[in-house]
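Summary of structural features
Chain by chain, the residues:
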Amino acid sequence: MEILARQPAGAFIVRDSHSKKNCFALSMNTGAGIANFLIEHLPDDTVRFIGQEQCFADLSSLISFHCLTPGPLPCILSIVKLNPNMMMPSDDSDGGQEGGTQHGDVVDDYFNLPAVENIVMLSI
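A short tour of the structure in this document, coming up. Fair warning: this is a prediction, and the values are worked out from it, not measured in the lab.

Scanning the entire structure with this criterion turns up two aromatic pairs. The interplanar angle of 45° and the centroid separation of 5.3 Å between the aromatic rings of Phe 56 and Phe 65 together place this pair among those described as tilted.

Structure (structure tokens):
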């Protein structure tokens, strides 16, 4: 969680839950600290935040939706480019051209990224 605390508000990590079977744990930086949420994997292969009615076809769809609207989360999820050791946001500047992302900013062209690159999955 130390790594996540150094990321901007909305940065998140998804991993298998240690405390609840058939669940993922989403940990996010809220800007005021780290918050944890459980995502349940339902028998029909859909997913949803525990306690919420809205279901999503898969984890990528749930994450994509919450990058646009917070729903039950304290803020929207932010896709940030991380360097290989995941310690600090990478520099995504475009060489001085207008419209490029700045160091640590949310990726401007989020929808142009393959879904698998948008979710950091950890099995700890």
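Here the narrative resumes.
Here we take up the nonpolar core. Among the nonpolar cores identified, the biggest contains 18 residues, and Phe 12, Leu 26, Met 28, Ile 39, Ile 63 and Leu 77 are the most heavily contacted of them. Only strand E1 (12-16), strand E2 (23-29), strand E3 (34-41), strand E4 (47-49) and helix H2 (59-66) provide two or more residues apiece to this core. Filtering out sequence-adjacent residues up to four positions away, Leu 77 remains in contact with Gly 10, Phe 12, Leu 26, Met 28, Ile 63, His 66 and Cys 67.

Moving on to the environment of Cys 23. One can find Cys 23 in strand E2. With a relative accessible area of 7%, Cys 23 lands in the buried category. Along the primary structure Cys 23 and Ile 50 are separated by 27 residues, whereas in three dimensions their C-alpha atoms are 9.0 Å apart. Beyond its immediate stretch of four places on either side in the chain, Cys 23 contacts Asp 16, Ser 17, Leu 38, Ile 39, Glu 40 and Ile 50.

Right, let's talk about the pairing of E3 for a bit. By the bridge criterion, seven bridges tie E2 to E3 in an arrangement that is antiparallel. Following the sheet pairing, Ser 27 is matched in E3 by Asn 36. Adjacent in sequence and paired antiparallel, E2 and E3 are bridged by four residues, among which Gly 31 carries a positive phi angle near 95°. The pairing of E3 with E4 spans three bridges and is antiparallel. In the strand pairing of E4, Glu 40 is matched with Arg 48. The antiparallel pairing of E3 with E4 creates a hairpin that spans five residues between the two strands, and Asp 45 there sits at a positive phi of about 70°.

For the rest of this paragraph, the subject is the pattern of salt bridges. The final tally for this structure, using the stated rule, is two salt bridges. In this structure, Glu 2 and Arg 6 form a salt bridge, with 3.2 Å as the shortest nitrogen-oxygen distance. Using a relative accessible area of 58% as the deciding quantity, one classes Glu 2 as exposed. Notably, a salt bridge pairs Arg 48 with Glu 40, separated by 2.7 Å at the nearest N-O pair. Look at Glu 40 and you get buried, because its relative accessible area is 17%.

What counts and what doesn't
- All residue numbers here refer to positions counted from 1 along the written sequence of the relevant chain.
- Where totals are concerned, whole chains, interfaces and linings use all residues; where local detail is concerned, this predicted model gives features only for residues with pLDDT of at least 70, and gives and counts side-chain atom pairs only at 80 or more.
- In computing side-chain values, all of the structure's heavy atoms are included and hydrogens and water are not.
- Here a Phe, Tyr or Trp ring, Trp counted by its six-membered ring, pairs with any other such ring whose centre lies within 6.5 Å, and the pair is stacked when the planes are under 30 degrees apart, edge-to-face when over 60, and tilted otherwise.
- We call a set of buried residues a nonpolar core when its members are Ala, Val, Leu, Ile, Met, Phe, Trp, Tyr or Cys and they connect through side-chain atoms within 4.5 Å of each other.
- Partly exposed residues are those whose accessible area sits between 20% and 50% of the maximum for their type, while under 20% is buried and over 50% is exposed, using a 1.4 Å probe and protein chains only.
- Here a strand is any run of E in DSSP of at least two residues, a helix any run of H or I of at least four, and the numbering for each starts at the N terminus.
- Here, two residues are considered to be in contact whenever any of their heavy atoms come within 4.5 Å of each other.
- Strand pairing is defined by DSSP finding a minimum of two bridges between the two strands.
- Any Lys or Arg side-chain nitrogen located within 4 Å of an Asp or Glu carboxyl oxygen qualifies as a salt bridge.

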